[in-house]
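# Tertiary structure, described
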Amino acid sequence: MSLRAFRGEMLVVARDPRDDPDAVQYQADGLLVVEQGLVVARGAYADLAARHATVPTVALPGLIVPGFVDAHVHYPQMDRIAAHGEQLLDWLERHIFPAEQAFASRAHADQVAGAFLDELLRNGTTSALVFATVHDHSVDALFEAALTRQMRIISGKVLMDLGPAGLADTPASARSDTEALIARWRGRGRLGYAVTPRFALTSSDAQLESAGHLLAAHGDVLLHTHLAENRREIDAVGERFPEAADYLDVYDRFGLVGARSVFAHGVHLPDRSCARLAQSGAGIAVCPSSNLFLGSGFFDFGQAEAFGLRTGLGTDVGAGTTFSMLRTAGLAYQAAQARGHRLDPFRALYLATAGSAALLHIADRVGALEPGQEADFAVLDDRATPLLARRTAGASLVDRLFALQILGDDRTIAATYVMGERAWSRT
Ligand code: GUN
Ligand code: ZN
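The structure contained in this document is the topic of the report that follows. This structure is a prediction, so every number in the text was calculated from the model and none was measured.

## Some points on the coordination of the zinc ion (ligand 2)
- For the zinc ion (ligand 2), the protein coordination sphere consists of His 72 (NE2), His 74 (NE2), His 226 (NE2) and Asp 316 (OD), at 2.0 to 2.2 Å.
- Viewed at the metal, the 4 donor atoms of the zinc ion (ligand 2) are separated by angles of 88 to 169 degrees, and the geometry they form is irregular.
- Read N to C, the donor residues that coordinate the zinc ion (ligand 2) are spaced as H-x1-H-x151-H-x89-D. Of the two residues, His 74 sits in strand β5 (residues 68-74) while His 226 sits in strand β10 (residues 222-227), which places them 152 residues apart along the sequence.
- Take His 74: its relative accessible area is 2%, and that puts it in the buried class.
- Residue class for His 226 comes out buried when judged on its relative accessible area of 7%.

## Digging into the pairing of β10
- Counting buried positions over the 6 residues of β10 gives 6, a clear majority of the element.
- Every second residue of β10 is oriented toward a common face, with Leu 222, His 224 and His 226 on one face and Leu 223, Thr 225 and Leu 227 on the other, all of them buried.
- In this sheet, β10 lies alongside strand β9 (residues 191-197) in parallel orientation, the contact comprising 2 bridges. Counted as the bridge partner of Val 195 is Leu 223 from β10.
- Regarding the hand of the β-α-β motif, the stretch spanning β9, helix α6 (residues 205-217) and β10 is right-handed.

## Concerning the side chain of Asp 382
- Along the chain, Asp 382 turns up in the loop between β14 (377-380) and α14 (386-392).
- A polar atom in the side chain of Asp 382 sits 2.6 Å from the side chain of Arg 400.
- With residues up to four places along the chain from it excluded, the contact list for Asp 382 reads Leu 388, Ala 389, Thr 392, Arg 400 and Leu 404.

## Section: the pairing of strand β11 (residues 261-265)
- Most of β11 sits inside the fold, with 5 of its 5 residues counted as buried.
- Direction of pairing for β11 relative to strand β12 (residues 283-286): parallel, over a ladder of 3 bridges. When the bridges of β12 are listed, Val 262 appears paired with Gly 283.
- Between the parallel pair β11 and β12, the chain is carried across by helix α9 (residues 271-280), and the sense of this crossover is right-handed.

Definitions and limits used
- Residues numbered from 1 in each chain as written.
- Chains lettered and ligands numbered in written order.
- Predicted model: local features only at pLDDT ≥ 70, side-chain atom pairs only at ≥ 80, totals over all residues.
- Heavy atoms only, no water.
- Donors = N, O, S within 2.8 Å, 3.2 Å for Na, K, Ca; no water.
- Tetrahedral: all angles 85-135°; square planar, octahedral: opposite > 155°, others 65-115°.
- Helix = DSSP H or I, 4+ residues; strand = E, 2+ residues; numbered from the N terminus.
- Buried < 20%, exposed > 50% of the residue type's maximum accessible area, 1.4 Å probe, protein only.
- Pairing = 2+ DSSP bridges.
- Right-handed = clockwise from strand over helix to strand, strands pointing away.
- Polar contact = N/O pair within 3.5 Å; in protein donor to acceptor, adjacent residues only side chain to side chain.
- Contact = heavy atoms within 4.5 Å.

Here it is as structure tokens:
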């Protein structure tokens, strides 16, 4: 018999609480029933216990939440996290391109990919949309490591024919490598593919056009790139593409703006871009720790709300300074504050789980622990540090959740489960 159950305090925010006041689902004493890695039932223990009386049940001390979904992160950059001194364009040249050049070695890619996925699990993250490098085998390395861990990972070879020596492909090689990767990995494990031009400045017009063709040819792949992150970057895009109405319009002209498009950052968006994002169904992976670290600015949550943009949260490691989606949610609150907007803690949890899952088109599989979904979850310990224990003692649920977001990090993750199996545990 493969039925198993987990008993404990449970919190799920399956829909955006801004749109649905009943979106917060909470059980002080809940039961999650799992079969073959999938959720069979979730609810109050008192309601479900009788029906599942014979199911082997594990009591989990801590707050059970859906596994986090990191909507934008770079695995090859993990060892260059915390690189001092530059804003985006100089930081790429000085720190990041040299680090990515090392991925010419498949053995190096394998070693980093495993460490990266283990770090995600240590932080309660079970799904992610991930930048690899220009090397096709960097995707093979990540996907093979994800297969062995059963994780839900979406990635793609980076397209960058205008990149520096050692990191430049060509429109033709990018196209054939991407086609081959899609064919090689389609339907395997819990993996997905994203056509991944680095950003407008590192691809020729011919390569951006080819990316549009790849996206059009494969209805099941995402488009993943960067957008309007840094003022100097935006000025350079304006100089190279004077005919485009704005940065987003550059991508639009090559057929790269649609419901399957995920743009990282969008810190500096004209209203025209927001209107077009909303109309097309494209979304933004908001990356507050990165934006603060690189001095890029603060995402405008008020503008995003006014235009009804689809948003999720990303760490953007290595520009981001933490793998923790809890901490990223806390930094999103602080970024919102900087622009006079108040981010609700339940909404921040939604963005870090089901919201990011919706952005990545995997919300039918993960993010809300609904029956039929994959049983990926994290167990949070709101007493993980002496200060957290003091701050959360006797506090309300929303207060505890907010404290976890502001004060929490990897120390706050007691355990991480993937497909109903314990994938990482602090003890
Ligand atoms: N824009 C183009 N490449 C990158 C990258 O690697 N990181 C960030 N944060 N922005 C980018
Ligand atoms: Zn990035």
